[in-house]
Amino acid sequence: MQTPRNTFNRRPHSGLLGVFVIVSVILTAFVVSPAGSFDVVGAGNTLLNIERNRGRLVRLDGPASTVFIANPEIADVQVKSPSLIYLMGKQPGQTTLFAVDEAERVLANIDISVTHNIEHLRRAVRDLHPNSDISVASIDQSIVIEGTVETATMAENLRRLVER
């Protein structure tokens, strides 16, 4: 009696197809693996402007377990209570404040812009040159003053004032 033979329907390159399927399954496992998944919390929906050397109080919707500033050279944060934090502008620039509760829910994701304290400078410019059309703005690390004055001496006096 003869032993039945196993017969396979062989197709050209079927070995390569099998290797391709195995590699695809392995790659797919790495791409959609729950161990490698993560969520990125979106950009802050609030922009908070703070002048240099000034502060603002921020009341959170709930108690925070973690509060931090992305760039502590731009702004400082002090936690006054679990739901009340104090922000102080240190130097012009942009940073972000984050506050998270014990369940890792984001309580605050606030974009912070620290500008120069220019209200005092604007008043000084108006007092020195009340009839001049001069504007003062804080842009990044610089103070920009623009407008028209009557003489070069007035322009130089304004430049010195801004430089201080």
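So, here is what we can say about the structure in this document. Since we're looking at a predicted model, the values are computed, not measured.

**A closer look at the sheet that holds strand 2 (residues 55–59)**
Hydrogen bonds between backbone atoms are what pair the strands of a sheet, whose relative direction is either parallel or antiparallel. Judged by pairing direction, the sheet is antiparallel, and its three strands sit side by side in the order 2-5-4 without closing on themselves. Each end of this open sheet is capped by a strand with a single partner; those strands are strand 2 and strand 4 (75–81). Between one strand axis and the next, the sheet turns by 25° as a mean value, whatever way the strands run. Bridge count between strand 4 and strand 5 (residues 84–89): six bridges; the pairing is antiparallel. Bridge assignment links serine 81 to a residue of strand 5, and that residue is leucine 84.

**A short note on the pairing of strand 6 (residues 93–100)**
Burial of strand 6 is extensive: six of the eight residues sit out of reach of the surface. Note: strand 3 (residues 66–69) against strand 6, four bridges, orientation antiparallel. Paired with isoleucine 69 across the strands is leucine 97, a residue of strand 6. Where strand 6 and strand 7 (residues 106–115) come together, eight bridges link them in antiparallel fashion. When the bridges of strand 7 are listed, alanine 99 appears paired with alanine 108. Connecting strand 6 to the next strand, strand 7, in antiparallel fashion are five residues, including glutamate 104 with a positive phi near 65°.

Conventions used here
Residues numbered from 1 in each chain as written. Predicted model: local features only at pLDDT ≥ 70, side-chain atom pairs only at ≥ 80, totals over all residues. Heavy atoms only, no water. Pairing = 2+ DSSP bridges. Helix = DSSP H or I, 4+ residues; strand = E, 2+ residues; numbered from the N terminus. Axes fitted to C-alpha atoms, helices over the stretch in contact; angles between N-to-C directions. Buried < 20%, exposed > 50% of the residue type's maximum accessible area, 1.4 Å probe, protein only.

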